[in-house]
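Notes for the structure review
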Amino acid sequence: MAASPEVKIEASKLSVEKKTTLTDNELNELAIATEDAIRDGIGFNWLTPPMRETIESYWRGVLMVPTRDLFVARLDNVIAGSIQLLRPSKSKETSAFAANIEAHFVAPWARGHGLAPMLLAAAEHEAAKEGFAVINLSVRETQSRALEVYRTHGYAEWGTMPYYEFVNASMVSGHYFYKKLEPISNLI
């Protein structure tokens, strides 16, 4: 009996990085991942992907806002998702302790590798490093995987809003979460 050939399965390469600029190739990859996520119902407040130049303008705009940090996730060196960390404006003295998370997504073709928690951890670490004590976020009720990620990573759900978004001719509820952080500056 002949020996079976050895099958070698390579693990996927995963990474997350903070971006202050995007190359043309990175912008294209991020736009593709965004389009795929929109088609799968993730949103970005779009029901169908807009023109490519609109998506590219959106991402260029994100990089221009000084109160936003963009983190991207890569699967085998291809951008597959993102998360944004939003700091409060200087005029919000009473809520200066809290940051927000927006646009947290992983393209459908890259799910199941752990990129969503990696993105979340990167945003949390940055927020803690900057001295924020709380992270707030909200998510549409139809995004069951996102709800699971937040609940299993220490986010407390504090409310539901029945009129969160209007999707496919009906109202969709939204869930609101927060997580208490220990600012890194307090740990040193």
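Above this text sits the structure in question.
Now for a look at the structure at hand. (Residues numbered from 1 in each chain as written. Predicted model: local features only at pLDDT ≥ 70, side-chain atom pairs only at ≥ 80, totals over all residues. Heavy atoms only, no water.)

**Remarks on the packing of aromatic side chains**
The way to describe two aromatic rings as a pair is by their centre distance and the angle between their planes. Using the following cut-off: Classification of ring pairs rests on two measures: the distance between centres of Phe, Tyr or Trp rings, Trp counted by its six-membered ring, which must be within 6.5 Å, and the angle between planes, read as stacked under 30 degrees, edge-to-face over 60 and tilted in between. When a residue's accessible area, from a 1.4 Å probe over protein chains only, is under 20% of the maximum for its type it is buried; when over 50% it is exposed; and in between it is partly exposed. Starting at the N terminus, helices and strands are each numbered in turn, a helix being any DSSP run of H or I of at least four residues and a strand any DSSP run of E of at least two.
Within this structure, the stated rule accounts for 6 aromatic pairs. When the ring of tyrosine 150 is compared with that of tyrosine 155, the centres are 5.7 Å apart and the planes differ by 65°; the resulting orientation is edge-to-face. With a relative accessible area of 5%, tyrosine 155 lands in the buried category. Centroid distance tryptophan 158 to tyrosine 176: 5.3 Å. Interplanar angle 45°. Geometry classified as tilted. Of this pair, tryptophan 158 sits in strand S6 (residues 156-167) while tyrosine 176 is found in strand S7 (residues 170-180), placing the two residues 18 residues apart along the sequence. Here tryptophan 158 falls in the exposed class, since its relative accessible area comes to 55%.

**Considering the sheet that holds S7**
As a reminder, the rule being used: If DSSP finds at least two bridges between two strands, the strands pair. Lines fitted to C-alpha atoms define the axes, with helix axes restricted to the stretch in contact, and inter-axis angles between N-to-C directions lie between 0 and 180 degrees. Residues are treated as being in contact if the distance between any of their heavy atoms lies within 4.5 Å.
Pairing within the open sheet is mixed, and its 7 strands lie in the order S1-S2-S3-S4-S5-S7-S6. Each of the sheet's edge strands pairs with one partner strand only, and the pair in question is strand S1 (14-19) and S6. Direction aside, the axes of adjacent strands within the sheet are offset by 25° on average. Pairing geometry for strand S2 (residues 68-75) and strand S3 (residues 78-86), over 8 bridges, is antiparallel. Within S3, the position partnered with arginine 68 by the bridge is leucine 86. Lying over the sheet, helix H1 (residues 24-39) contacts S1, S2, S3 and strand S4 (98-106), oriented at roughly 85° with respect to S3.

Read these as geometric descriptors, not functional statements.
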